[in-house]
Amino acid sequence: TRRRQGFLEGLADHDPVVPALNRRGFMRGLETLLATGHGDGALVLLHVAGIEQMRQLQGMAAGDGALRHVTAHLVGSLRSSDPVGMVGGSDYALLLPGTELGAARDKVREMMERINQQPFYWQGEVFSFALFSGYHVLQPGENAESALAAADRARRGLPG
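All values reported here derive from a predicted model rather than from experimental measurement.

**Considering the overall build of the protein**
In terms of helices and strands, the protein carries six helices and seven strands. Going from N to C terminus, the protein has its helices and strands arranged as α-β-α-β-α-α-β-β-α-β-β-β-α. Whereas a compact globule of 160 residues would reach a radius of gyration of roughly 15 Å, the protein reaches 16 Å, a difference of no more than 12%. Here the C-alpha coordinates of the protein stretch approximately 50 × 45 × 25 Å along the principal axes. In the protein, buried positions account for 42% of the 160 residues. Partitioning the intrachain contacts of the protein with sequence separation of at least 6 by distance along the chain shows that 66% fall at a separation of at least 24. Of the roughly 8800 Å² that the protein leaves accessible, carbon and sulfur atoms contribute 53%. Here the protein contributes 16 positive and 17 negative side-chain charges, whose respective centroids are spaced 5 Å apart.

**Regarding the environment of aspartate 13**
Within the secondary structure layout, aspartate 13 lies in helix 1 (residues 2–13). Distance in space between the C-alpha atoms of aspartate 13 and arginine 24 is 5.9 Å, their sequence separation being eleven residues. Setting aside its immediate chain neighbours within four residues, aspartate 13 contacts Leu21, Asn22, Arg24, Gly25 and Arg28. Polar contacts involving the side chain of aspartate 13 include one to the side chain of arginine 28, which spans 2.7 Å.

Reading the values: the criteria
- Residues numbered from 1 in each chain as written.
- Predicted model: local features only at pLDDT ≥ 70, side-chain atom pairs only at ≥ 80, totals over all residues.
- Heavy atoms only, no water.
- Helix = DSSP H or I, 4+ residues; strand = E, 2+ residues; numbered from the N terminus.
- Rg over C-alpha atoms; globule rule 2.2 N^0.38 Å.
- Buried < 20%, exposed > 50% of the residue type's maximum accessible area, 1.4 Å probe, protein only.
- Contact = heavy atoms within 4.5 Å.
- Areas by Shrake-Rupley, 256 points an atom, 1.4 Å probe, with all protein chains shown as cover.
- Lys, Arg positive; Asp, Glu negative; His and termini not counted.
- Charge placed at Lys NZ, Arg CZ, Asp CG, Glu CD.
- Polar contact = N/O pair within 3.5 Å; in protein donor to acceptor, adjacent residues only side chain to side chain.

Right, dumping it as structure tokens:
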């Protein structure tokens, strides 16, 4: 029973399409990190432009394949201690504990280059995607929702 319960709890926190946490699982991990008082590091919000259009033109299977392609590059570029979450549509959240803002920007730039150097192929066509990023340096005493909202504002170019 415990094993089954653990399995079901794991399913509740993971995205069904890509090997990443879902929003619930990611936010729970972020909230836990912030609650421990060791919430230093960077939170990155990435929007992958082009996947929704691809899904509309090529179908859901193509869109899901593109998401898996991008996720594989993100996860493969990060430390195992850096959670990756799908927080909606084609939006990813990356938690980089103990990482300063400059290093986070460098890491995301490196990931973007890697994704662009290895485009996604679907039924003989090549697809590339644009990534838009927002960064937030974690602050003592904040909660997960406010941190994610700050990264989202930064991604959209809005004032803090």
